[in-house]
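These are the residues of each chain, in order.
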Amino acid sequence: MAKNIPLHLNVNNRDFDVTLDPRVTLLDVLREHLALTGTKKGCDQGQCGACTVHLDGERVLSCLTLAAQAHNRRVTTIEGVAKSDGTLHPVQASFLKHDAFQCGYCTPGQIMSAIACIKEGHTGSDGEIREYMSGNICRCGAYPHIVDAVKEAAEDIKRESV
Ligand code: FES
Ligand code: FES
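Note that this is a predicted model, so its numbers are computed, not measured.

Chemist: Just checking my understanding: could you explain the sheet that holds strand E2 (residues 14-20) for this structure?
Modeler: Paired through their backbone hydrogen bonds, the strands of a sheet run either parallel or antiparallel. Sheet architecture is open: 5 strands sit in the order E2-E1-E5-E3-E4, paired in mixed fashion. Of all the strands in the sheet, the pair left with one neighbour each is E2 and strand E4 (58-61). Sheet twist, expressed as the mean angle between neighbouring strand axes with direction ignored, is 40°. Strand direction decides the pairing type here: strand E1 (residues 5-11) and strand E5 (residues 74-76), joined by 2 bridges, are parallel. The residue of E5 that forms the bridge with valine 11 is valine 75. Across the sheet, helix H1 (residues 26-33) is in contact with E1, E2, strand E3 (52-55) and E5; its angle to E2 comes to roughly 105°. Sitting on the sheet, helix H3 (residues 107-120) touches E3, E4 and E5, and the angle it makes with E3 is about 45°.

The following block contains the structure:
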């Protein structure tokens, strides 16, 4: 049995000190230790994207990231993207408006991925959005609506930042 290690995590601007088996993934520390269950586990081997979160502002698969790799770094999950007064992030609002989900299980990962996709500037066309959102699988087949939602959110964010 590996010896537990102390970790300092900053998740959604809150500080957490945990002592964990070094094998614990970022996905599992969020879900099992910090009770942030919005981040989902669809495969645990990097193939579905349901576990997408941001590490220092970049999208990563939390199932393939050890909690130890997030030590002293900034993690953002779906629970942290709305404003503190509850105002939805433009991507969340756009997903609702465009019905970009059904069961909702892939949705947190889709939204975290979409926020990063927009920030990366990969929203130049429907085709580009499809390509750069292709790391997130949706078994409910919401893809056309997801493209619409990402496109409109990208425009909203651009307008807000002018
Ligand atoms: S749970 Fe991480 S990619 Fe599927
Ligand atoms: S909304 Fe069900 S898997 Fe995407």
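Chemist: I tried to follow H3 on my own but got confused; where do I start?
Modeler: In an α-helix there are 3.6 residues to a turn, and that puts residues three or four apart on one side. In this model H3 runs 19 Å from its N-terminal to its C-terminal C-alpha over 14 residues, within 8% of the 20 Å that 1.5 Å per residue would give. Listed in full, the buried residues belonging to H3 are Thr107, Pro108, Gly109, Gln110, Ile111, Met112, Ser113, Ala114, Ile115, Ala116, Cys117 and Ile118. Where H3 is buried, its residues meet E3, E4, E5, helix H2 (90-97), helix H4 (126-132) and helix H5 (143-161). Positioned one or two residues after H3, glycine 121 has a phi angle of 80°, which is positive.

Chemist: Sorry if this is basic, but what is going on with H1 here?
Modeler: Regarding H1, the residues found buried are Leu26, Leu27, Asp28, Val29 and Leu30. Among the structural elements, E1, E2, E3 and E5 are those in contact with the buried residues of H1. In the segment just after H1, alanine 35 is the residue with positive phi, at about 60°.

Chemist: Which parts of the structure should I look at to understand the environment of glycine 127?
Modeler: Summarising the element assignment, glycine 127 is placed in helix H4. Sequence separation of glycine 127 and valine 147 is 20 residues, and the distance between their C-alpha atoms is 8.9 Å.

Chemist: How do you make sense of the side chain of threonine 25 when you look at a structure like this?
Modeler: The topology assignment puts threonine 25 in the loop between E2 and H1. The buried category is assigned to threonine 25, whose relative accessible area is 12%. There is a polar contact of 3.0 Å between the side chain of threonine 25 and the backbone nitrogen of aspartate 28. Those residues within four positions of threonine 25 in sequence are excluded, and the remaining contacts are Ser62, Cys63, Thr65, Leu66 and Ala67.

Chemist: Sorry if this is basic, but what is going on with the layout of surface pockets here?
Modeler: If a probe as big as a water molecule is rolled over the atoms, it shows which places are left empty. In this structure, the largest pocket spans a volume of roughly 190 Å³. Forming the boundary of the largest pocket are His54, Gly57, Arg74, Thr76, Val81, His89, Ile115, Ala116, Ile118, Lys119 and Ile157. Counting residues per element, the ones that place at least two in the lining of the largest pocket are E5 and H3. Counting residues per element, the lining of the largest pocket draws most heavily on H3, at 4 residues. Residues belonging to the lining of the largest pocket are distributed by class as follows: 5 nonpolar, 4 polar and 2 charged.

Cut-offs and rules
- Residues numbered from 1 in each chain as written.
- Chains lettered and ligands numbered in written order.
- Predicted model: local features only at pLDDT ≥ 70, side-chain atom pairs only at ≥ 80, totals over all residues.
- Heavy atoms only, no water.
- Pairing = 2+ DSSP bridges.
- Helix = DSSP H or I, 4+ residues; strand = E, 2+ residues; numbered from the N terminus.
- Axes fitted to C-alpha atoms, helices over the stretch in contact; angles between N-to-C directions.
- Contact = heavy atoms within 4.5 Å.
- Expected span 1.5 Å × (residues − 1).
- Buried < 20%, exposed > 50% of the residue type's maximum accessible area, 1.4 Å probe, protein only.
- Polar contact = N/O pair within 3.5 Å; in protein donor to acceptor, adjacent residues only side chain to side chain.
- 1 Å grid on protein atoms, 1.4 Å probe; cavity = no way out; pocket = protein on both sides within 12 Å on 5 of 7 lines; lining within 4 Å.
- Points joined across faces, edges and corners; volume = space filled by probe spheres on them.
- Nonpolar A, V, L, I, M, F, W, Y, C, P; charged D, E, K, R; others polar.

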